[in-house]
Amino acid sequence: MSTKKSAVQSQVEALCLSASGRKLIYKPTEKIGVIEVANYPGLGKTVALRFLEWIMNNPGGTVSLPTGKSAEHFIKYVSYYLQNWQTRQVKDELKAFGFDTSQKPDMRSLVFIQSQEYYPINPTQTNSARYFIQKYYFRGFGIDAKKALLMDAWTVGMPDNRVPDDIFKDNIVDLSLRVRHGRNSEERLQKQVIQKVDQYCTDYESRVRELGGIGFLLSDIGPDGHICSNVRGTDHYSTTRLTETNYETQSMAATDLGGVEVAKNRLVMIIGLATMTFNRDCTAIVMAAGESFADVIKDSIQSPPGNEYPASSLQKLRNARFYLTRGAASCLVERRYEDVSQMDPLPDEEKERIMIDLALEKNKRLHKLDRSDILSVRSSKWVMTKTGKKREEILEMVRKSLIEKMDIGLAPLEDQVFMHTAPHHDDIMLGYWAYIIHLVRSPRNLNYFNYMTSGFNAVTNSYACDVLENLLNHLDTPQFKELMAEGYFESDNEIGRNRDMYQYLDGVAAHSRSMRNKGEARRMLRNLISIFEEDNLFQLKNRVKEMILYFQTQYPGKKDLPYIQQLKGMMREWEADLLWGFLGFNCRNVNHLRLGFYGGGLFGDIIDKQRDVEPVLAIMRRIKPTIITLAFDPEGSGPSTHYKVLQTMARAVEIYQQESGNRDIKIWGYRNVWFRFHPSEANIMVPVSLNSMASLEKAFDKCFGSQRAASFPSYELDGPFSRLSEQILVAQYQQVKTCLGREYFNESDHPRMRACHGLVYMKQMSVDEFCSHAGRLRQSTENVSADNNE
């Protein structure tokens, strides 16, 4: 069914290449073609256009599309074009890309091939790949479900009237049974099921090949370079199979499955790399956004085919492409050099980047880089040629710049009003806790901590259940009855809210679990009274029992009911209250905005000015900030919540500056465990001591109970975010220490420099600079109506 028409020159790709000013491939360094776009939404739009173009040229072809959040903008744009095909605006746009708009793509003619599924998983669960496919591709795109080749990860091999939950305890499937005898009747039954599933996978592979293979394949790429869950080390001759994954892949699946502890025990049923490449005319696209995976993308494109980089298997396909944002393509050597060589004039920041990278590559201090080092790399050689300056002058400029940035980070600040903002409740702490503990010391500074979302998606059912059981243990105590009688739990009792926090923190100081549990139970009861508008302890006790049963019976990853989402969000808000209580702040200094764009759905909602921007603006009008901090992800390609908060902040701060006339407001951008600043990008560097790191780790451990078990971790570390944050701080310090030498720190006159073992990187901007950046990102999302089609 997959035709050979895909060899037709793509007008979409030709126009994108023209717009980007790039070649498709820079041989011999690159082994596969690359299409670059400006940002994450633009990536989804470009892939959508290429997909529709392919369908027009290949009616009846076989397609395999991704499931998960990475497909958000792709799905939105495909849906938008299909739904508005006959409108003048869409017709004009499509014609500009070479489309014949007289006929719509025949979506029902396509044959859909599912590429992966968790095993075991009930296909009716909303976090299964099958559910995603049915919702977005069958009902959304109009692809014919009857023609589809779908994976059965639930009924295959099951005895009559049995389901995997009956066969595999806690959904743990022991694949060692493939090569050993079962020790008991339970294991022997499991072995039979596994053997039947293996045969099913073999038959599935045969059916794919009978269809001629895959005609159009779209996949994202994982932190280890995996495509369609074929992890690092996968044989390029692999076929459809049931298999384990690695930690990086499990961490990425944690959100879908309700925690990494669930993901670690879940297998996957996947097509293999040989399945993907069976049809040599397959149009295979790997899409990626942001700098996080730039290194593995570089290796997948520039390295010879090898098992270490699964996506390198696509190099054998002439129609294979990587569709990348500029950030995702930032490590591709030839493109990076092309960017540098075309800059006129060459910005100081770029000179810094090149020379710092050279020092790190050579593992030399800046002043020890000699002429041969400079000439050994094209970009540093170009800096010498372009500037016409001596090596010593350029290196000294970079050295002074790094020192100036640290001087700014050491300088005391007073008479400032800080509006600290965060998408999630641990973002500020993980970003610049070591700086905050210095900023809050002066009573002449005012600090307000503002959380844009309720963050309920980060609370597991098991944790919520534990907190409720703790409350159940306290409800019948005389003390709780007395507190209830005296109005302690009334919603407007601010003193009571603060006492919850002080009770818990007294327990931290006393190393008393019972004292902490008492404070936590007080706040949980307060939350339940607020949600249910109920103050009868007997009725509340029944409510608690009902919710405990709910959390025990819901499958992990299922979308919660609205009041459960609210309760989980309040748990996160409690954690933030505790955090700032560590530094002497109370509820008056902490604002929980619960902006409406944040939801329990896969893609969330768009920003609404009245609902989302006005609450932020109201705080600005009240506190009159002089410095505003925010999570600054440059491409909007990190967690989508970060991007939406950035856009919300940009709109609010732009309005506030116009209203107040204050053009001296400073914006501080920070990053934490999701993205990093290059030393050249940051203009504030704050020394971090071992004492500050110890404070970070203890505060995180004692305050963020829902995150202590690291159920939704980073792919970089199987552990709590606080530990990863420390590793990043240390790595950033090592970067600068390599450039300046250990003596600069160890023999400094300043005690904070001598105590330095980590560095916080931040970027200070004017309001105009920040809003200009945010505006460029917003253009591609708001000049097309696709974002209104959820």
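Structure: see above.
In what follows, the accompanying structure is described. (Residues numbered from 1 in each chain as written. Predicted model: local features only at pLDDT ≥ 70, side-chain atom pairs only at ≥ 80, totals over all residues. Heavy atoms only, no water.)

### A closer look at the pattern of salt bridges
Here the structure, examined in full by the defined rule, presents 56 salt bridges. Close ionic contact of arginine 22 with aspartate 339 constitutes a salt bridge, the shortest N to O distance being 2.9 Å. In this pair, arginine 22 is assigned in the loop between helix H1 (11–20) and strand E1 (33–37) and aspartate 339 in helix H12 (residues 333–341), connecting sequence segments 317 residues apart. For arginine 22, a relative accessible area of 8% gives the class buried. Note that arginine 326 is salt-bridged to aspartate 339, the shortest N-O span being 3.9 Å. You can see arginine 326 sitting in the loop between strand E9 (321–325) and H12 and its partner aspartate 339 sitting in helix H12, a full 13 residues away along the chain. Overall, arginine 326 belongs to the partly exposed group, its relative accessible area being 35%. (Salt bridge = Lys/Arg side-chain N within 4 Å of Asp/Glu carboxyl O. Helix = DSSP H or I, 4+ residues; strand = E, 2+ residues; numbered from the N terminus. Buried < 20%, exposed > 50% of the residue type's maximum accessible area, 1.4 Å probe, protein only.)

### Section: the sheet that holds strand E6 (residues 241–243)
Strand order in the open sheet made by the three strands is E4-E7-E6, with antiparallel pairing throughout. What marks the edges here is a single partner per strand, and that holds for strand E4 (116–119) and E6. On average, adjacent strands in this sheet sit at an angle of 25 degrees to one another, irrespective of strand direction. Here helix H7 (residues 185–210) sits on the sheet in contact with E4, E6 and strand E7 (267–270), set at roughly 130 degrees to E6. (Pairing = 2+ DSSP bridges. Axes fitted to C-alpha atoms, helices over the stretch in contact; angles between N-to-C directions. Contact = heavy atoms within 4.5 Å.)

### Points about helix H17 (residues 427–439)
Its 13 residues give H17 an end-to-end C-alpha distance of 17 Å, which sits within 8% of 18 Å, the value for a rise of 1.5 Å per residue. Along H17, the largest kink reaches about 85 degrees and is centred on tryptophan 433. Of all 13 residues in H17, 12 are buried; the element is thus mostly enclosed. For H17, the complete set of buried residues consists of Asp427, Ile428, Met429, Leu430, Gly431, Tyr432, Trp433, Ala434, Tyr435, Ile436, Ile437 and Leu439. (Expected span 1.5 Å × (residues − 1). Bend = angle between axes of the 7 residues up to and from the residue.)

### Focus: the sheet that holds strand E8 (residues 283–288)
The strand order across the open sheet built from six strands is E1-E9-E8-E5-E2-E3, with neighbouring strands paired in parallel fashion. Taken across any chain shown, the strands that pair with only one partner, and hence form the sheet edges, are E1 and strand E3 (111–112). Bridge count between strand E2 (residues 62–64) and E3: two bridges; the pairing is parallel. Residue pairing in the sheet places valine 63 in a bridge with phenylalanine 112 of E3. On top of the sheet, helix H2 (residues 40–57) reaches E1, E2, strand E5 (216–220), E8 and E9; it is set at about 150 degrees to E9, its chief contact. Sitting on the sheet, helix H11 (residues 294–302) is in contact with E1, E8 and E9, with an inclination near 155 degrees to E9.

### Focus: the pairing of E8
Judged by how many residues are buried, E8 sits mostly within the fold: six of six residues are covered. Side-chain alternation along E8 places Thr283, Ile285 and Met287 on one buried face and Ala284, Val286 and Ala288 on a second face that is also buried. Here E5 runs beside E8; their pairing, made up of five bridges, is parallel. Paired with leucine 218 across the bridge in E8 is isoleucine 285. Two elements, E8 and E9, share four bridges in a ladder whose sense is parallel. What sits directly across from valine 286, in E9, is phenylalanine 322. The parallel pair E8 and E9 is bridged by H11, and the resulting crossover is right-handed. (Right-handed = clockwise from strand over helix to strand, strands pointing away.)

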